[in-house]
Amino acid sequence: RGNVVMKKLLGILVLGLLLITPSKADDISDFEIEGMSIGDSLLDHYSEEEIKTNIQDIYNDNEYAAATFTTSNDRYDYIQIHFKTTDNKFIIYSLDGIFLTENIKSCIKKKDEISKQMSVVFSSLKKEVRDGKDMASGHGKLHGVVFKFDSGDFAEVICYEYNEEYNKPDHGRVDVTKKELNDWIIDKAHK
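Summary of the structure given here. What you see is a predicted model; the values in this text were computed from it and never measured.

Some thoughts on the overall build of the chain
In step 1: A tally of helices and strands in the chain yields 4 helices and 9 strands.
In step 2: Counting from the amino terminus, helix and strand elements in the chain follow one another as α-α-β-β-β-β-α-β-β-β-β-β-α.
In step 3: For the chain, buried positions account for 44% of its 191 residues.
In step 4: Split by element, the accessible area of the chain, about 10,400 Å² in all, is 47% carbon and sulfur.

What to know about the pattern of salt bridges
In step 1: Under the defined criterion, the tally for this structure stands at 14 salt bridges.
In step 2: Between R75 and E34 there is a salt bridge whose closest N-O contact spans 3.9 Å. With R75 in the loop between strand 2 (64-70) and strand 3 (78-84) and E34 in the loop between helix 1 (2-20) and helix 2 (48-53), this pair connects stretches of sequence that are 41 residues apart.
In step 3: Taking the shortest distance from any N to any O, the salt bridge between R173 and D96 comes out at 2.8 Å. Linking R173 in strand 9 (residues 171-177) with D96 in strand 4 (residues 94-100), this pair joins segments that are 77 residues apart in sequence.

Focus: the state of the cysteines
Note on terminology: disulfide describes a covalent bond linking the sulfur atoms of two cysteines.
In step 1: Enumeration according to the criterion identifies 1 disulfide in this entry.
In step 2: Paired through a disulfide, C107 and C159 show a sulfur-sulfur distance of 2.2 Å. In this structure the cystine formed by C107 and C159 twists about its S-S bond by roughly -100°; its chirality is therefore left-handed. Of the two residues, C107 is situated in helix 3 (residues 104-121) and C159 in strand 8 (residues 154-162); the sequence distance between them amounts to 52 residues.
In step 3: Classification of C159 as buried rests on a relative accessible area of 0%.

Criteria and thresholds
Residues numbered from 1 in each chain as written. Predicted model: local features only at pLDDT ≥ 70, side-chain atom pairs only at ≥ 80, totals over all residues. Heavy atoms only, no water. Helix = DSSP H or I, 4+ residues; strand = E, 2+ residues; numbered from the N terminus. Buried < 20%, exposed > 50% of the residue type's maximum accessible area, 1.4 Å probe, protein only. Areas by Shrake-Rupley, 256 points an atom, 1.4 Å probe, with all protein chains shown as cover. Salt bridge = Lys/Arg side-chain N within 4 Å of Asp/Glu carboxyl O. Disulfide = S-S within 2.5 Å.

Right, dumping it as structure tokens:
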């Protein structure tokens, strides 16, 4: 029975990805996750109070912030959105659809299925496989596929496999991210 449920969930996740992603990859803002796109104002989807209530304190630098929202659909358990902290319009710089799985093996299986579909959708983009790559934080390993735009922006499906001592649940993400935000995360966010 659990296998049937997992197959249905995977089918819904893949179908959802295909329904929200156009067939031609010209610009990162062409893609939607939960009806939102890079460059949109988060205020079109949440109130300022909801945004501020859901901001997570996860970075040492405060140029950008991340807000995480619980979803009520079958595709994602959470949506995480990054924006500049000084921007009163809360313009979106990244969107992550986060899905929880029983274990890393089931996450990787989902990731493989989704990445096959993404390879068709993003056939004109550079593709980088990151299976078993160490996390920059040292907290575990990454298993994923990244599709890169010429601008440096990217879309990816990735599983996070955390070390046992880090005590954080393994999970998967489907995301789109602006290069500017990614550079900040690498260079400043955790310094």
